Amino acid sequence: MNEKICEFTIDDITIGTKKKFNVTISEEMVNDFAELSGDYNPLHMSEEYASSTSFKKRVCSGMFLSSFFSRLVGMYLPGKHALHISQSLNFVNPCFIGETITVEGKVIDKSPATKIIKLETTITNESGKRIIDGKAQVIVRDD
């Protein structure tokens, strides 16, 4: 791991705090996710099949892409003190192998009493088109 983990506490976080990072989606990543998840749907795995669909090429699994929200919360916002307790997902547009995505979280609510923050979470492609969006709830632990 060559990324530095953030260590935000509940007191460090304000409404409007944002974090984001970019990832270029490789065929190897898509294949590794299929092996881990057991999801070998031909829309994700077969160029021949995918070319016969309206997408014309392999589509990245939405669940694979949404797994980057775990990285967002666990590494960046809040990072070390995170306990990701819920995540809603809306799969808005397809993502294809070779695209660079931006994963972003923005604090939209904070409860110091419960130590829970709510994040607006989004994944966009390089042209700014929304791929996935949703909301996360995260406990910011003291330990």
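Residues numbered from 1 in each chain as written. Predicted model: local features only at pLDDT ≥ 70, side-chain atom pairs only at ≥ 80, totals over all residues. Heavy atoms only, no water.

Some remarks on helix 1 (residues 27–37)
Those residues of helix 1 not exposed but buried are Val30, Phe33 and Ala34. Down the axis of helix 1, the sector holding all buried residues measures 100°, keeping them to one side. Exposed side of helix 1, more than 90 degrees from the buried face: Glu28, Glu35 and Leu36 are the residues found there. Looking at the packing, one finds that the buried side of helix 1 touches helix 2 (42–45) and helix 4 (62–66). Gly38 sits one or two residues past helix 1 and shows a positive phi near 80°. (Buried < 20%, exposed > 50% of the residue type's maximum accessible area, 1.4 Å probe, protein only. Helix = DSSP H or I, 4+ residues; strand = E, 2+ residues; numbered from the N terminus. Arc of directions from axis to C-beta. Contact = heavy atoms within 4.5 Å.)

A few points about the pattern of salt bridges
Side-chain pairing between opposite charges can occur once the charged atoms of the two side chains come close. Across all of its chains, the model carries six salt bridges by this definition. A salt bridge links Arg58 to Glu27; the shortest N-O distance between them is 2.8 Å. Highlighted residues: Arg58 in the loop between helix 3 (47–51) and helix 4 and Glu27 in helix 1, separated in sequence by 31 residues. On the basis of relative accessibility, which here comes to 5%, the residue Arg58 falls in the buried class. Note on Glu27: relative accessible area 41%, which makes it partly exposed. (Salt bridge = Lys/Arg side-chain N within 4 Å of Asp/Glu carboxyl O.)

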